[in-house]
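# Per-entry structural report
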Amino acid sequence: MSLEEVRNYINHIRREMMGKPLSRADLDENPLEQFAKWMEEAVNAQILDPYAMCLSTVNAAGHPSSRIVYWRDVESDGFVFYTNYNSRKGIEIAANPYVSLNFHWSELDRQIRIEGPIKKVSTETSDKYWASRPRESRIGAWASAQSSIVSSPDQLQKSVEKLHEQFGEGDIPRPAHWGGYVVEPERIEFWQGRPSRLHDRFVYIKSGDDWAMEQLSP
Ligand SMILES: Cc1cc2nc3c(=O)[nH]c(=O)nc-3n(C[C@H](O)[C@H](O)[C@H](O)COP(=O)(O)O)c2cc1C
């Protein structure tokens, strides 16, 4: 399709969302328990990568950027993912440790929006997860200076080969620049797509140790 054809296509396509109504009575008092319920339904619906989430960061100049990362764990009621601390996202998080996450499951017409402060997980937590990663992924984490400019097409492959020689069959330690972050939610919104764009939205807002819930207009 040309760009003009794509434009025509997206201008005219309309998909009615058919999700079941979501009401206050359906929702758990605790948004993390509610999240677990929806994740179970996403897994049962056989959604591909339901734990892939869009992470948005904002740099020191106030400019946002987004990318997908895999949600890997729950720690201190927060969402854990792993990455390179020196990457673009790592630099932006160091400048502004407040982020948003977004899960979108189109097969269920559902979206979950999460916002809150972010911090590195403990080195013990990162070590534990590192140890569970396949050897090739561990080499990959050493080989790639994530987000840096690639100077030649074979740079990555050469680096991988060198690292295989260096580590041989021995242990591959976790690089200090690779590890986890935990996002501790202060706001979590559950969005259920409904016919005629009359979607159901409920937001939980943290107040002290408790959560207050409000319904939002679609
Ligand atoms: C489905 C999917 C899962 C991904 N999971 C991760 C992840 O868990 N950690 C990560 O660092 N990058 C992951 N990526 C790559 C990121 O989207 C991104 O390209 C990379 O982290 C560099 O982002 P940055 O330059 O903004 O730091 C994933 C990409 C996709 C499409």
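See the structure shown above.
Residues numbered from 1 in each chain as written. Predicted model: local features only at pLDDT ≥ 70, side-chain atom pairs only at ≥ 80, totals over all residues. Heavy atoms only, no water.

### Overview of the overall build of the protein chain
- When helices and strands are counted, the protein chain shows 6 helices and 10 strands.
- In terms of overall dimensions, the protein chain has a C-alpha envelope of 60 × 50 × 40 Å along the principal axes.
- Across the 218 residues of the protein chain, 37% fall into the buried class.
- A separation threshold of at least 6 residues defines the contact pool for the protein chain, and within that pool the share at least 24 residues apart is 63%.
- Accessible area for the protein chain stands at about 13100 Å²; split by element, carbon and sulfur atoms hold 51% of it.
- Each charge class in the protein chain can be summarised by its mean position, and for the 26 positive and 32 negative side chains these summaries are 4 Å apart. (Helix = DSSP H or I, 4+ residues; strand = E, 2+ residues; numbered from the N terminus. Buried < 20%, exposed > 50% of the residue type's maximum accessible area, 1.4 Å probe, protein only. Contact = heavy atoms within 4.5 Å. Areas by Shrake-Rupley, 256 points an atom, 1.4 Å probe, with all protein chains shown as cover. Lys, Arg positive; Asp, Glu negative; His and termini not counted. Charge placed at Lys NZ, Arg CZ, Asp CG, Glu CD.)

### Structural notes on the environment of Arg14
- With respect to the helices and strands, Arg14 occurs in the loop between helix H1 (3-12) and helix H2 (31-44).
- When its relative accessible area of 66% is taken as the criterion, Arg14 is described as exposed.
- C-alpha separation for the pair Arg14 and Ile205, spaced 191 residues apart in sequence, amounts to 32 Å.

### Some thoughts on the packing of aromatic side chains
- On inspection of all chains with the given rule, the structure shows 18 aromatic pairs.
- With a centroid separation of 4.9 Å and 65° between ring planes, the pair formed by Phe35 and Phe103 is classed as edge-to-face. One end of the pair, Phe35, is in helix H2; the other, Phe103, is in strand E5 (residues 98-105), and 68 residues separate them in sequence.
- Phe103 sits in the buried class, given a relative accessible area of 0%.
- Considering the side-chain rings of Tyr129 and Trp178, the 6.2 Å spacing of their centres and the 5° angle between planes classify their relative orientation as stacked. Highlighted residues: Tyr129 in helix H4 (residues 123-132) and Trp178 in strand E7 (residues 178-183), separated in sequence by 49 residues.
- One aromatic cluster in this structure is built from Phe35, Trp71, Phe79, Phe103 and Trp105.
- Sitting above the plane of the Trp38 ring, Arg110 keeps its charged end 4.0 Å from the centroid. (Phe/Tyr/Trp six-rings, centres within 6.5 Å; stacked < 30°, edge-to-face > 60°. Lys NZ or Arg CZ within 6 Å of the ring centre and 35° of its normal.)

### Structural notes on the nonpolar core
- Formed by 31 residues in total, the largest nonpolar core has its most connected members in Phe35, Phe81, Phe103 and Ile112.
- No other element matches H2, which puts 5 residues into this core.
- Those residues in contact with Phe35 that lie beyond four places of it in its chain are Trp71, Phe79, Phe103, Ile112, Ile114 and Phe190.
- Counting residues in each nonpolar core, the second largest holds 13 residues, with Ile139, Ala143, Val160 and Phe167 among its members. (Core = buried A, V, L, I, M, F, W, Y, C linked by side-chain atoms within 4.5 Å.)

### Notes on the pattern of salt bridges
- Per the counting criterion, the structure on display carries 11 salt bridges.
- The partner of Glu41 in a salt bridge is Arg110, and the shortest N-O contact between them spans 2.7 Å. Placement of the pair is Glu41 in helix H2 and Arg110 in strand E6 (residues 110-120), with a sequence separation of 69 residues.
- You can call Glu41 partly exposed: its relative accessible area is 37%.
- The class of Arg110 is buried, set by a relative accessible area of 11%.
- Three or more residues joined by partner-sharing salt bridges are found here, namely Arg67, Arg88 and Glu92. (Salt bridge = Lys/Arg side-chain N within 4 Å of Asp/Glu carboxyl O.)

### Here we look at the layout of surface pockets
- For the largest pocket, the calculated volume is near 350 Å³.
- What lines the largest pocket is a set of 15 residues, among which Tyr82, Thr83, Arg133, Gln146 and Trp178 lie closest to the centre.
- Those elements that provide at least two residues to the lining of the largest pocket are strand E2 (64-70), strand E4 (78-84) and helix H5 (135-143).
- Classifying every residue of the lining of the largest pocket by side-chain character gives 7 nonpolar, 6 polar and 2 charged.
- Together, Gly19, Lys20, Pro21, Leu22, Asp26, Gln34, Lys37, Trp38, Glu41, Leu108, Arg110 and Gln192 line the second largest pocket.
- The dominant element in the lining of the second largest pocket, judged by the number of residues it contributes, is H2, at 4 residues. (1 Å grid on protein atoms, 1.4 Å probe; cavity = no way out; pocket = protein on both sides within 12 Å on 5 of 7 lines; lining within 4 Å. Points joined across faces, edges and corners; volume = space filled by probe spheres on them. Nonpolar A, V, L, I, M, F, W, Y, C, P; charged D, E, K, R; others polar.)

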